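# Coordinates in review
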Amino acid sequence: MTQWLIWWWLVAFMSLILSNMSEKPRWKDKCKIRHGFQCPRKDRIARCTENRCNSARKVAMGCMEEINNLWSNGSDSNTESILLLEKVLEETALEGSGPISSGKFLAYLYKPTGSFKGLNIYADETEARSDDTLPIKKLRARFPKEVEPGPNNTVVFCAFELPDNQLLFPDAYEIYERRMIGLSVRDKKISGLKERINFTLTLTEEVKKDHNLSCQFYNFSSKGFSEDGCTTEWERGQSEVTCSCDHLTYFSVLLVPTDGDKNHQEILRYISLIGCSLSLFALVITVVLFFANRKIREDVSMKVHINLVVALILLNLHFLPNQKIAELSIPELCYYMALALHYSLLATFTWMALEGFHLYLLLVKVFNIYIRRYLLKLSVVGWGVPAIIVSLVVIIKRDIYGLVFMDSSNSNDTAMCYIKDDTVKITTMVGFFSLVFLFNMSVLGVTVRQVLCLHQSQKYGPTECSRVKRNICTLLGLITLLGMTWGMVFFLFGPLSTPFLYLFCILNSLQGFFIFLWFVMSLKKTKQSANEKSSETRSTNN
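Since this is a predicted model, take the numbers as computed values, not measurements.

## Things to note about the environment of Lys303
Mapped onto the secondary structure, Lys303 falls in helix H7 (residues 300–319). Classification of Lys303 by relative accessible area gives partly exposed; the value is 28%. Residue contacts for Lys303: discarding those within four places in its chain leaves Phe290, Arg297, Glu298 and Leu375.

## A closer look at the sheet that holds strand S9 (residues 197–202)
To summarise the sheet geometry, strands pair through backbone hydrogen bonds and adopt either a parallel or an antiparallel arrangement. Strand order in the open sheet made by the six strands is S4-S3-S5-S9-S13-S12, with antiparallel pairing throughout. Strands at the two margins of the open sheet, each flanked by one partner only, are strand S4 (128–129) and strand S12 (230–233). Pairing geometry for strand S3 (residues 119–123) and strand S5 (residues 139–143), over five bridges, is antiparallel. Paired with Asn120 across the bridge in S5 is Arg142.

## Concerning the side chain of Asn307
For Asn307, the position within the fold is in helix H7. Here Lys303 takes part through its backbone oxygen, which lies 2.8 Å from a polar atom of the side chain of Asn307. Filtering out sequence-adjacent residues up to four positions away, Asn307 remains in contact with Trp351, Ser379 and Trp383.

## Looking at the nonpolar core
The biggest cluster of nonpolar side chains holds 68 residues, and the ones touching the most others in it are Phe349, Trp351, Tyr401, Tyr418 and Trp486. In terms of residues, this core owes the most to one element, helix H9 (residues 331–364), which gives 15 residues. Those residues in contact with Trp486, other than ones at most four positions away along the chain, are Leu315, Leu345, Phe349, Met352, Phe433, Phe504, Asn508 and Gln511.

## Description of helix H10 (residues 374–396)
Here H10 is 23 residues long and its end C-alpha atoms lie 33 Å apart, about the 33 Å a rise of 1.5 Å per residue gives. Of all the bends in H10, the greatest, near 30°, is centred on Gly384, and the proline Pro386 appears no more than four residues after it.

## A few points about the pattern of salt bridges
Under the criterion given, the structure shown has 13 salt bridges. A salt bridge links Glu161 to Arg178; the shortest N-O distance between them is 2.6 Å. Taken together, the residues span a long stretch of sequence, with Glu161 in strand S6 (residues 155–161) and Arg178 in the loop between strand S7 (174–175) and strand S8 (179–185) at a distance of 17 residues. Residue classification places Glu161 among the partly exposed residues on the basis of a relative accessible area of 22%. Owing to a relative accessible area of 22%, Arg178 belongs among the partly exposed residues under this scheme.

## Quick look at the packing of aromatic side chains
Under the counting rule described, the total for this entry stands at 18 aromatic pairs. Each ring, one from Phe513 and one from Phe514, has its centre 6.4 Å from the other, and the planes form 55°; the classification is tilted. A cation over a ring is seen here: Arg269 above Tyr270, with NZ or CZ 5.0 Å from the ring centre.

## A few points about the packing of H7 against H10
It is at 11 Å that the axes of H7 and H10 come closest, and there the two elements cross at 20°. Here H7 lies roughly parallel to H10, going by the angle between them. Taken as a pair, H7 and H10 cross one another with a handedness that is right-handed. Side by side, H7 and H10 meet where Val300, Lys303, Val304, Asn307, Val310, Ala311 and Leu314 of the first sit next to Tyr374, Leu375, Leu378, Ser379 and Trp383 of the second.

## Comments concerning the packing of helix H3 (residues 56–73) against helix H4 (residues 80–91)
Between H3 and H4, the shortest axis-to-axis distance is 10 Å and the interhelical angle comes to 170°. If you check the angle between H3 and H4, you find them roughly antiparallel. Residues Ala60, Cys63, Met64, Ile67 and Trp71 of H3 form the contact with H4, whose own contacting residues are Ser81, Ile82, Leu85, Val88 and Leu89. Grouping the constituent residues of the contact of H3 with H4 by class yields nine nonpolar, one polar and no charged.

## Quick notes on the pairing of S3
Extensive coverage of S3 is indicated by the burial of four of its five residues. In terms of strand pairing, S3 meets S4 through two bridges, oriented antiparallel. Pairing of Ala123 across the sheet is with Ala128, part of S4. Taking the residues that link successive antiparallel strands as the turn, the S3-S4 hairpin has four residues.

## What to know about the pairing of S6
By the criterion of burial, S6 is predominantly enclosed, with six of the seven residues buried. Across seven bridges, S6 lies against S8 in antiparallel orientation. Paired with Cys158 across the strands is Gly182, a residue of S8.

## Structural notes on the environment of Phe516
On the secondary structure map, Phe516 appears in helix H14 (residues 511–541). Overall, Phe516 belongs to the buried group, its relative accessible area being 17%. With near-sequence residues (within four places) excluded, Phe516 lies in contact with Ala282, Ile285, Thr286 and Leu289.

## Here we look at the state of the cysteines
Here a disulfide denotes a covalent bond joining the sulfur atom of one cysteine to the sulfur atom of another. Under the defined criterion, the tally for this structure stands at three disulfides. For Cys230, the disulfide goes to Cys245, at an S-S distance of 2.2 Å. Residues Cys230 and Cys245 share a disulfide whose torsion about the S-S bond is about 115°; that sign makes it right-handed. Here Cys245 lies in strand S13 (residues 240–245) and Cys230 lies in strand S12, a separation of 15 residues in the sequence.

## Quick look at the environment of Thr202
Structurally, the position occupied by Thr202 is in strand S9. Between the alpha carbons of Thr202 and Gln238 there is a distance of 9.4 Å; along the sequence they are 36 residues apart. Here Thr202 is in contact with Lys137, Lys138, Glu177, Ser239 and Glu240, once residues within four sequence places are set aside. A distance of 3.2 Å separates the side chain of Thr202 from the backbone oxygen of Lys137, its partner in a polar contact.

## Structural notes on a nonpolar patch on the surface
Taken together, the side chains of Ile426, Val430, Val489, Phe490 and Phe491 define a hydrophobic patch exposed on the protein surface, amounting to about 430 Å² of accessible area. Looking at the secondary structure, you find Val489 in the loop between helix H12 (462–481) and helix H13 (497–509). The exposure class assigned to Val489 is partly exposed, which follows from its relative accessible area of 32%.

## Let's talk about H3
With 18 residues, H3 should reach 26 Å at 1.5 Å per residue; the first-to-last C-alpha distance of 26 Å fits that figure. Three or more residues of H3 are buried, namely Val59, Ala60, Gly62, Cys63, Met64, Glu66, Ile67, Asn68, Leu70 and Trp71.

The rules behind the values
- Along each chain, residues carry numbers from 1 onward, in the same order as the chain's sequence is written.
- In keeping with the predicted nature of the model, local features appear solely for residues at pLDDT of at least 70, side-chain atom pairs appear and are counted solely at 80 or more, and the whole-chain, interface and lining totals rest on all residues.
- As a rule here, side-chain values come from all non-hydrogen atoms in the structure, and water together with hydrogens is ignored.
- Secondary structure elements follow DSSP: runs of H or I of four or more residues count as helices, runs of E of two or more count as strands, with numbering from the N terminus.
- Partly exposed describes any residue whose relative accessible area lies between the buried limit of under 20% and the exposed limit of over 50%, with all areas from a 1.4 Å probe on protein chains only and scaled to the type maximum.
- Between two residues, a contact is recorded if the distance between any of their heavy atoms is within 4.5 Å.
- At least two bridges found by DSSP between two strands is the condition for calling them paired.
- We define a polar contact as two N or O atoms separated by no more than 3.5 Å, with the added condition that, inside protein, one atom must be a possible hydrogen donor and the other a possible acceptor, whereas residues neighbouring each other in sequence contribute only through side-chain atom pairs.
- We call a set of buried Ala, Val, Leu, Ile, Met, Phe, Trp, Tyr and Cys residues a nonpolar core when their side-chain atoms join them within 4.5 Å.
- To estimate the expected span of a helix, count its residues, drop one, and scale the result by 1.5 Å.
- What the bend at a residue measures is the angle between two axes, fitted to the seven residues ending there and to the seven starting there.
- Any Lys or Arg side-chain nitrogen located within 4 Å of an Asp or Glu carboxyl oxygen qualifies as a salt bridge.
- Only the six-membered ring of Trp is used, alongside the rings of Phe and Tyr, when aromatic pairs are assigned; centres must lie within 6.5 Å, and planes under 30 degrees apart are stacked while those over 60 apart are edge-to-face, with the rest tilted.
- Whether a charge lies above a ring is judged from NZ of Lys or CZ of Arg, which has to be within 6 Å of the ring centre and within 35 degrees of the ring normal.
- Between N-to-C directions, angles cover 0 to 180 degrees, with each direction set by a line fitted to C-alpha atoms, over the stretch in contact for helices.
- Angles are sorted into four bins: roughly parallel if under 35 degrees, roughly antiparallel if over 145, roughly perpendicular if 65 to 115, and oblique for all others.
- Throughout, a crossing is termed right-handed when the near helix is turned clockwise from the far one, and left-handed when it is turned anticlockwise from it by less than a right angle.
- Only Asp, Glu, Lys and Arg are considered charged, only Ala, Val, Leu, Ile, Met, Phe, Trp, Tyr, Cys and Pro nonpolar, and every remaining residue, Gly among them, polar.
- Two cysteine sulfur atoms form a disulfide, by the criterion used here, when they sit within 2.5 Å.
- Exposure above 30% relative accessible area and the lack of any salt bridge qualify a residue for a patch; like charges then connect within 9 Å, and the nonpolar side chains Val, Leu, Ile, Met, Phe, Trp and Tyr within 5 Å.
- Residue-level accessible areas treat just the shown protein chains as cover; the underlying method is Shrake-Rupley with a 1.4 Å probe.

Set out below in structure tokens:
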């Protein structure tokens, strides 16, 4: 009997605890989805949209806190959380108008009570108001009369600071103070305003001389910033920047490169187009010369060179028309161009590595370099490895190729068809080339040492001086074949980035032309050797 009483008491006690827990849940567990939109973090944010929650203000503050925690932990990189917060604020029913703030988020909700004559909102780091009573005003916003909200159209002002790592916009220009300003009206999509909406931001950080401020809005469709419909009122030395836009959405002030940098980009683009066009023409002639000369076709080294030439032809063929193809807005064609460009680059780097491998065999093994089906094995590696890498990329993430904007913060900027994912780009391109560059650099070092040892004890007369010149030309040719000039990519940072960028574009766009010159010199050398042998034969017969 006593045991039954104990069991009954335990069951009753646990039931009481469970009932208390179910009656007093947190706001996130108590509120349910009402408006039919999904939350990127397993509905943790979307739960706060239910109006049956005890306090509308508490719901909005809870949503702010939840999003802030997700961003701070780096566990949410989806910009949909911004739209979710906007929806929550628009649906928040306050008695009249008032501010809401939590952490790095602050908002002001205005509910019209009569005819709307415009609205001014002032904000500092912690609070937003509709009256000019804040001692320090960090931000000012002006809704024009043309917005015309009705009695049920809540006007929403929201400002927040993005996380330190900018995980939401990793490809955008630097956002000034990581601050974003959202302006919206419930159940109204407002654009094309004649009387523009203005917001003014007080500057607390110095703007670098090589950057300007640009007012831009975030396009949630294209996933990028754009300055369409916005103008920036700011001159260097001023303590404020005013943004004037003809629509309502989320805005930021971006630090963009000066026009000088844009001019450099335009010049570099023309250098690349001219250099690649000249290289493509020279490479085609190189292929013609190769097949027209029987003795050249029999040379194993020349066969290795011609594979690199073909890889460079593919690279230039898919690079030169790339921007024009991107302008056509044909997804399938752009996808092919991006995939082919990726494959061509990988094939070029691979054949550069095989050039280094072949040179290593010539230097180390000297005469004992016979490998069965040597060229076939090189071809399998040279063309097969890039195909495997590209295939794996497509299998893992099919939509990895497509339209990519040169300026990720401006969707109207020049675009090209290439890899859309930065991680894949860095891994398959920078990582792969780094291995090739280190290997070829080692081979080049061994080659230089061999040449120096060969002539170390010799005195340089007229004949030796000409030999030194030939050795220098040979060394320059090897630098071109091994792709050493591509290594300048590692120096495109710091104060000397611009000069190195020009050198990088000039030398690498003309790589095909330099290989053509190397090929012509080799052809000339082959003919001279043949003439010398024929002369020796005649003298012997005489």
